[in-house]
Amino acid sequence: MYGSDSDGLEAARAQLVSYSARLLDDGLAVGSAGNMSVRSGDLVTITPSGISYAEMLPEDVCLVATDGTEPREGNRETPSTETPMHLAIYAATTAGAVVHTHSPEVIALSAARAELPAIHYAITGLGGPVRVAPYVRFGSEGLAAAAVEALNGRSAVILRNHGAVTYGRDLAQAYDRALLLEWLAGTYRLALSYGEPSILSAAELDEVTAESRRRRYGERRSRYP
């Protein structure tokens, strides 16, 4: 989480622009679809509405308070239409960053399934099988509430006929989880083409989680003693 001082906010803006370009390169969004944000204390930096990621500049990134108010001096652009959903997730979780994507594998799954099942043990990195929240119009308080409810015990949620949301302690983790979610959805679709897939049980997932914690799997070792 960045600090809420001027330097911290500028760093958050620069990182959001950098990761926005990755959204396009990684196929997680097209044009200006999707949005991302970073929390800095009681402030949230969030991508603007209607600006192509390829054209976005750090000064276009908007600032809102966690209560939804904008700074007195205002923003150069309009904050994302999904600002209510981002703020609701920050209020309900320990998220330091939120990523909302419109990735094709996830959207296709959202139109046909009630959840993404445990097709691979890597899903433990998202908290387990990922729920599909019911369809609610974009930008609404209803969508924010539906996303938060489906996120219970998870760090990812799929939005019916819409996209997905992931969160993490920082933008790098939230983004990596978005990539993982899209990969899992694609893997599940591929498995279905062969027949009825074998799905890991809750007990098997618990075993993976326990072993990962024991091994500190995914944690980087310190370079210094």
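See the structure printed just above.
Before going further, it helps to examine the packing of helix 1 (residues 6-25) against helix 5 (residues 171-192). One can describe the packing of helix 1 onto helix 5 by two numbers: an axis separation of 11 Å at closest approach and a directional angle of 10°. When the axis of helix 1 is compared with that of helix 5, the two are roughly parallel. Between helix 1 and helix 5, the residues in contact are Gln-15, Leu-16, Tyr-19, Arg-22 and Leu-23 and Leu-171, Ala-172, Tyr-175 and Leu-179, respectively. Looking at side-chain class alone, the contact of helix 1 with helix 5 contains seven nonpolar, one polar and one charged residues.

So, about the nonpolar core. One finds Met-85, Ile-89, Val-98, Val-157, Leu-159 and Val-165 to be the most contacted residues of the largest nonpolar core, which totals 21 residues. Elements with a contribution of two residues or more to this core: strand 2 (43-46), strand 3 (62-65), helix 2 (83-92), helix 4 (141-150), strand 7 (156-159) and strand 8 (163-168). With five residues, helix 4 is the single largest residue contributor to this core. Excluding residues within four positions of it along the chain, Val-157 makes contact with Val-130, Arg-131, Ala-133, Ala-147, Ala-150, Leu-151, Ala-164 and Val-165.

Strand order in the open sheet formed by eight strands is 3-2-1-4-8-7-6-5, and the pairing between neighbours is mixed. Either end of the sheet is taken by a strand with one partner, and the two such strands are strand 3 and strand 5 (115-116). Examined bridge by bridge, strand 2 and strand 3 share four bridges and lie antiparallel to one another. Residue pairing across strands places Ile-46 opposite Cys-62, the latter belonging to strand 3. The strands that helix 1 touches are strand 1 (35-40), strand 2, strand 3 and strand 4 (97-101); relative to strand 1, the one it contacts most, it runs at about 155°. Lying on the sheet, helix 5 is in contact with strand 1, strand 4, strand 5, strand 6 (130-133), strand 7 and strand 8; it crosses strand 8 at an angle near 140°.

Enumeration according to the criterion identifies seven salt bridges in this entry. The partner of Glu-59 in a salt bridge is Arg-76, with the nearest N and O atoms 3.7 Å apart. With Glu-59 in the loop between strand 2 and strand 3 and Arg-76 in the loop between strand 3 and helix 2, this residue pair connects regions lying 17 residues apart in the sequence. Of the residues examined, Arg-76 reaches a relative accessible area of 52% and is grouped as exposed. It is possible to trace a salt-bridge network through shared partners that takes in Glu-59, Asp-60 and Arg-76.

Our next topic: the pairing of strand 1. Counting buried positions over the six residues of strand 1 gives six, a clear majority of the element. Neither face of strand 1 is left uncovered, since the one carrying Asn-35, Ser-37 and Arg-39 and the one carrying Met-36, Val-38 and Ser-40 both have all their residues buried. Pairing analysis gives four bridges linking strand 1 to strand 4, with the strands arranged antiparallel. In the sheet register, Met-36 faces strand 4, and the bridge partner there is Val-99. As defined by bridge partners, strand 1 adjoins strand 2 across four bridges and the pair is classed as antiparallel. Looking at the pairing, Arg-39 lines up with Val-44 of strand 2. The hairpin turn running from strand 1 into strand 2, its antiparallel successor, is two residues long, and Gly-41 in that turn takes a positive phi close to 65°.

Definitions and limits used
Residues numbered from 1 in each chain as written. Predicted model: local features only at pLDDT ≥ 70, side-chain atom pairs only at ≥ 80, totals over all residues. Heavy atoms only, no water. Axes fitted to C-alpha atoms, helices over the stretch in contact; angles between N-to-C directions. Helix = DSSP H or I, 4+ residues; strand = E, 2+ residues; numbered from the N terminus. Parallel < 35°, antiparallel > 145°, perpendicular 65-115°, else oblique. Contact = heavy atoms within 4.5 Å. Nonpolar A, V, L, I, M, F, W, Y, C, P; charged D, E, K, R; others polar. Core = buried A, V, L, I, M, F, W, Y, C linked by side-chain atoms within 4.5 Å. Buried < 20%, exposed > 50% of the residue type's maximum accessible area, 1.4 Å probe, protein only. Pairing = 2+ DSSP bridges. Salt bridge = Lys/Arg side-chain N within 4 Å of Asp/Glu carboxyl O.

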